[in-house]
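Each chain is listed here by its residues.
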Amino acid sequence: MLSIFKSKPLLEESESQSILDLFLWAVEHFDSDYFLQKTQIVQPTEQFFPDRVTSVEDMASSVFQRVRDYAGLTQWPIQLSPPQLMPMQQTFPHFAFANGLRGDGLELIQAPLQAVAVSYNPNQINQPQDLVASMAGSMALMLIHHVGKLPPGGQQNLSVAADVLAIYMGFGTMLCNTAYHFRGGCGSCYNPYANRQAALSEQESVFLHALVCHFKPNSNGGKHLKPHLKSMYKKAEKQLKQILHTSPDPLLLALEERSRA
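Residues numbered from 1 in each chain as written. Predicted model: local features only at pLDDT ≥ 70, side-chain atom pairs only at ≥ 80, totals over all residues. Heavy atoms only, no water.

(A) Spatial organisation of the environment of Glu-15. Turning to its location among the elements, Glu-15 is positioned in helix α1 (residues 13-29). Owing to a relative accessible area of 34%, Glu-15 belongs among the partly exposed residues under this scheme. For the pair formed by Glu-15 and Gln-203, sequence separation is 188 residues and the distance between their alpha carbons is 9.9 Å. A distance of 2.9 Å separates the side chain of Glu-15 from the backbone nitrogen of Glu-12, its partner in a polar contact. (Helix = DSSP H or I, 4+ residues; strand = E, 2+ residues; numbered from the N terminus. Buried < 20%, exposed > 50% of the residue type's maximum accessible area, 1.4 Å probe, protein only. Polar contact = N/O pair within 3.5 Å; in protein donor to acceptor, adjacent residues only side chain to side chain.)

Dropping the structure here:
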């Protein structure tokens, strides 16, 4: 009888396993050393985004530079392109580094003929968390194309993988906060063109964000989540504690050991 009072986990077992598989794919292919040593949990605060801007272009440029830097892509051949100049299709160029994938110390040994263009949605200028999350997702897709390792589920799972990798790179708060948009209220308050197209649900995003923050124990990952997501975050922490305590996955165990070293 007492079992009816047990709290339901945030995700069903199959769902949580899928998220774990995607997280481990990110750990395996996208510089786990950088993740453990350098990745920050980026928050929608003045500490992380201190720039003062006076135009749409300034806003986009500021967010682009901050997201690029926090993602560890400062040395990558990428540039911000205004939406009106963004090509309909872009062939991803080949380039190579001598000593790693992310970080300030990269040496570009094979440069592309032209930089990779990243653009933005002008409708998101008044919704900066959507703008940050969208740019993080674009850079995550760029990383996936460069590394050439498809996620579990293959090509059809690329949009999900981009959300996963963006959270892995530290942008989980913004991705969680923009995973769902309330469509009620007055028509003038809602601009559907400003909303990010999320591939993960709120629950999945929060679960993965909590998993990333598990390896960043001083991050206070739930602090800047929307109020209704904070309870999800606590449920995710509780569920993850049980999963990680019993997990036999060698890569996850190795990551645990390295994070404590």
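(B) Region of the structure containing the nonpolar core. Formed by 78 residues in total, the largest nonpolar core has its most connected members in Phe-23, Phe-30, Trp-76, Tyr-168 and Phe-171. Ranked by residues supplied to this core, first place goes to helix α5 (residues 158-177) with 14 residues. Once you skip the residues sitting within four places of it in the chain, Tyr-168 turns out to touch Phe-23, Ala-26, Val-27, Phe-30, Asp-31, Ser-32, Phe-35, Thr-39, Arg-102 and Val-212. (Core = buried A, V, L, I, M, F, W, Y, C linked by side-chain atoms within 4.5 Å. Contact = heavy atoms within 4.5 Å.)

(C) Structural context of the side chain of Arg-102. Relative to the elements of secondary structure, Arg-102 occurs in the loop between β2 (96-97) and β3 (108-110). Buried charge Arg-102 goes without a salt bridge, the closest partner of opposite sign being Asp-31 at 5.2 Å. Of note is the side chain of Arg-102, whose polar atom sits 3.3 Å from the backbone oxygen of Phe-30. A polar atom in the side chain of Arg-102 sits 2.9 Å from the backbone oxygen of Ala-71. (Lys, Arg positive; Asp, Glu negative; His and termini not counted. Salt bridge = Lys/Arg side-chain N within 4 Å of Asp/Glu carboxyl O.)

(D) Spotlight on unusual backbone geometry. Of note in this structure, Asp-31 is not a glycine but carries a positive phi near 60 degrees. Within the secondary structure, Asp-31 is located in the loop between α1 and α2 (32-37). Phi at Asn-220 takes a positive value of approximately 50 degrees, unusual for a residue other than glycine.

(E) A look at the confidence of the model for the protein. Confidence along the protein averages 90 in pLDDT terms, with 92% of residues attaining 70 or more. Considering only residues more than four positions removed or in separate chains, one finds that residues 184-190, a stretch of pLDDT under 50, has 3 contacts. (pLDDT = per-residue confidence, 0-100.)

(F) Summary view of the packing of helix α3 (residues 56-70) against helix α4 (residues 128-147). At their nearest, the axes of α3 and α4 sit 10 Å apart, and the two run at 50 degrees to each other. Here α4 runs oblique to α3, going by the angle between their axes. The handedness of the crossing between α3 and α4 comes out as right-handed. Along the contact surface, α3 presents Met-59, Ala-60, Val-63, Phe-64, Val-67 and Arg-68, while α4 presents Pro-128, Leu-131, Val-132, Met-135, Ala-136 and Met-139. Taken together, the residues of the contact of α3 with α4 break down into 11 nonpolar, no polar and 1 charged. (Axes fitted to C-alpha atoms, helices over the stretch in contact; angles between N-to-C directions. Parallel < 35°, antiparallel > 145°, perpendicular 65-115°, else oblique. Left-handed = near helix turned anticlockwise from the far one by under 90°. Nonpolar A, V, L, I, M, F, W, Y, C, P; charged D, E, K, R; others polar.)

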